[in-house]
Amino acid sequence: MIIVCILLLLLTVYCNSLSTHRVLVAGATGYIGRAVVKELISRNVNVISIVRNSNDIPDITKKYLLGSQIVECNILNPLDIDKLLLEYQPSSIINCLASRSGVKRDAYAIDYQASINLFQSLYLLSKQTNTNDINRHYVLLSAFCCGKPKLQFQFAKLQLENEIKDICSQTNQISYSIVRPTAFFKSLDGQIESARKGLPILYFGDGLTSANPISDKDLAYYLANCALNSRSIDMYNQCRDIGGPDIPPITKRQQINLIYQTLNIQPEKQWTISIPLVIFKVLNNIFYNLYILSDILSMDELTQRFDDAMELTRIVYYYATEPMIATGSKEVQGKIKLSDHFNDIAMKGGKLDEVDPMTTTTGILSVFTKNDYVK
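Residues numbered from 1 in each chain as written. Predicted model: local features only at pLDDT ≥ 70, side-chain atom pairs only at ≥ 80, totals over all residues. Heavy atoms only, no water.

Focus on the layout of surface pockets
Taken as a whole, the second largest pocket spans an internal volume of roughly 620 Å³. What lines the second largest pocket is a set of 23 residues, among which Tyr 64, Asp 216, His 341, Lys 348 and Asp 353 lie closest to the centre. Sorting the residues of the lining of the second largest pocket by element identifies helix H2 (31-42), helix H3 (59-65), helix H8 (216-229) and helix H12 (338-347) as the ones contributing at least two each. Its residues placed into classes, the lining of the second largest pocket shows 9 nonpolar, 2 polar and 12 charged. (1 Å grid on protein atoms, 1.4 Å probe; cavity = no way out; pocket = protein on both sides within 12 Å on 5 of 7 lines; lining within 4 Å. Points joined across faces, edges and corners; volume = space filled by probe spheres on them. Helix = DSSP H or I, 4+ residues; strand = E, 2+ residues; numbered from the N terminus. Nonpolar A, V, L, I, M, F, W, Y, C, P; charged D, E, K, R; others polar.)

Written as structure tokens, this is what we have:
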């Protein structure tokens, strides 16, 4: 009986310690952001979910945000963020913001400017309150590919990372954790929808580019740990690549085989198409010539659109050819494998709860034809 009482007392103390945390999640309606909110709520943490428009949240996302305080904020306006943080006094921010397309103006507006606004506001709050019992902590969801930057959004994220590190190296009033995940399961879901409908699954080149992607649940668990007790996982003022438990990493062709196996699609009905990598060079040359022509003719809107088209071509080529592998002793995180994810979908008849158009070929093509980037 005494042991039971002690255990209950310890549990109460633990829960109370978590409840003293107030975590603000930026990008709360996104794929990872909403999973982070759900994870924090499950730990009895006080969560503020930042959204652009509370009337424009999909029903499936609302379920993830249950139990959190949903607050509208213009994250591109530093004064709005300052006011918000002063009102809610968060102990930590988990920044899951990401530009929708990755083109330059989007990347520097969201991946850099909005994100540094959040960091600077938290730092300002730390200096204004100056309490020794609260260590304000900033958790940044970055990207594995920043380790080999070639794209505009990677340069934007790196500028943000470097400024965070520089400020934190000069003060103990704010600290950081920068997490660079390899790839998300959701980025592969568009192919499941194609297979279920009897459409071909597309891949680029030989299909041997590999990755150990991480699930939204496992990544959310890790990000929550960074916010609540970064020292316990050696993430206090640290930047780390992380990936899922699929070791050895899975190639694109192996991913396709997993999809067909879990959906129980017979070999005669399996349909794959390899797109030669040279197509990217051809497309880039076409867009470049159109860019030059429209620039000479002072057709500014078309010039911008073709510039975006070149960047999107580079983004797709990068992800088609660069391996996304994090296999270090502290880098492999979580328990959910890609096969588990596909099996869960197969249990639902192969139907997805939602399809992100950016995981499909037609969705990516529509991005620059509509010139509609930020969702």
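Notes on the environment of Ser 169
Summarising the element assignment, Ser 169 is placed in the loop between helix H6 (152-168) and strand E6 (174-181). The sequence separation of Ser 169 and Asn 237 amounts to 68 residues, and the corresponding C-alpha distance is 8.6 Å. A polar side-chain atom of Ser 169 sits 2.6 Å from the main-chain carbonyl oxygen of Asp 166. (Polar contact = N/O pair within 3.5 Å; in protein donor to acceptor, adjacent residues only side chain to side chain.)

Considerations on the sheet that holds E6
If you walk across this open sheet you meet the 7 strands as E3-E2-E1-E4-E5-E6-E9, and the pairing is parallel. The open sheet has two edge strands with one neighbour each: strand E3 (69-72) and strand E9 (238-242). When the angles between neighbouring strand axes are averaged without regard to direction, this sheet yields 20 degrees. As paired elements, strand E1 (residues 22-26) and strand E2 (residues 46-51) share 5 bridges and run parallel to each other. Bridge assignment links Val 25 to a residue of E2, and that residue is Ser 49. Strand contacts of H8: E1, strand E4 (92-95), strand E5 (136-141), E6 and E9, with the helix running at about 155 degrees to E5, the strand carrying the most contacts. (Pairing = 2+ DSSP bridges. Axes fitted to C-alpha atoms, helices over the stretch in contact; angles between N-to-C directions. Contact = heavy atoms within 4.5 Å.)

So, the nonpolar core
Counting residues in hydrophobic clusters, the biggest one holds 47 residues, and the most contacted among them are Val 36, Leu 40, Ile 94 and Leu 223. Here this core gets 8 residues from one element, more than from any other, and that element is H8. Beyond its immediate sequence surroundings of up to four residues, Val 36 is in contact with Val 25, Ile 94, Cys 96, Ala 220 and Leu 223. (Core = buried A, V, L, I, M, F, W, Y, C linked by side-chain atoms within 4.5 Å. Buried < 20%, exposed > 50% of the residue type's maximum accessible area, 1.4 Å probe, protein only.)

Some thoughts on helix H4 (residues 78-88)
For H4, the set of buried residues is Ile 81, Leu 84, Leu 85 and Tyr 88. End-on, the buried residues of H4 take up no more than an arc of 95 degrees, which puts them together on one face. Among the exposed residues of H4, those oriented more than 90 degrees off its buried face are Leu 79, Lys 83 and Glu 87. Its buried side turned inward, H4 meets E1, E2, E3, E4 and helix H5 (104-129). You can read the cap of H4 off the contacts: a side-chain oxygen lies 3.0 Å from the backbone nitrogen of Leu 79, and it is on Asn 77. (Arc of directions from axis to C-beta.)

Here's the deal with the packing of H4 against H5
The geometry of H4 relative to H5 is characterised by a closest axis approach of 9 Å and an angle of 45 degrees between their N-to-C directions. In terms of their interaxial angle, H4 and H5 are classed as oblique. Between H4 and H5 the crossing geometry is right-handed. Across the interface between the two elements, Pro 78, Ile 81, Asp 82, Leu 85 and Leu 86 of H4 pack against Asn 117, Leu 118, Ser 121, Leu 122, Leu 124, Leu 125 and Gln 128 of H5. When grouped by side-chain class, the residues that make up the contact of H4 with H5 number 8 nonpolar, 3 polar and 1 charged. (Parallel < 35°, antiparallel > 145°, perpendicular 65-115°, else oblique. Left-handed = near helix turned anticlockwise from the far one by under 90°.)

Thoughts on unusual backbone geometry
The step from Ile 247 to Pro 248 runs through a cis peptide bond, and the omega angle for that step is 0 degrees. As for its placement among the helices and strands, Pro 248 is situated in the loop between E9 and strand E10 (250-251). Not every positive phi belongs to a glycine, and Gln 89 is a case in point at roughly 50 degrees. With respect to the helices and strands, Gln 89 occurs in the loop between H4 and E4. Notably, Asn 264 is not glycine yet its phi reads approximately 55 degrees, a positive angle. Looking at where Asn 264 falls in the secondary structure, it is placed in the loop between helix H9 (252-262) and strand E11 (272-275). For Asn 264, a relative accessible area of 58% corresponds to the exposed category.

Quick notes on the pattern of salt bridges
Two side chains carrying opposite charge are able to pair once their charged atoms lie near each other. Under the counting rule described, the total for this entry stands at 13 salt bridges. The shortest N-O distance in the salt bridge between Asp 111 and Lys 157 comes to 3.1 Å. Taken together, the positions of Asp 111 in helix H5 and Lys 157 in helix H6 put the pair 46 residues apart, joining distant regions of the chain. This pair shows no difference in class: Asp 111 is buried, exactly as Lys 157 is. The salt bridge partner of Arg 196 is Glu 193, with a shortest N-O separation of 3.0 Å. Taken together, the positions of Arg 196 and Glu 193, both in helix H7 (residues 189-196) and 3 residues apart, correspond to about one turn of that helix. Take Glu 193: its relative accessible area is 13%, and that puts it in the buried class. (Salt bridge = Lys/Arg side-chain N within 4 Å of Asp/Glu carboxyl O.)

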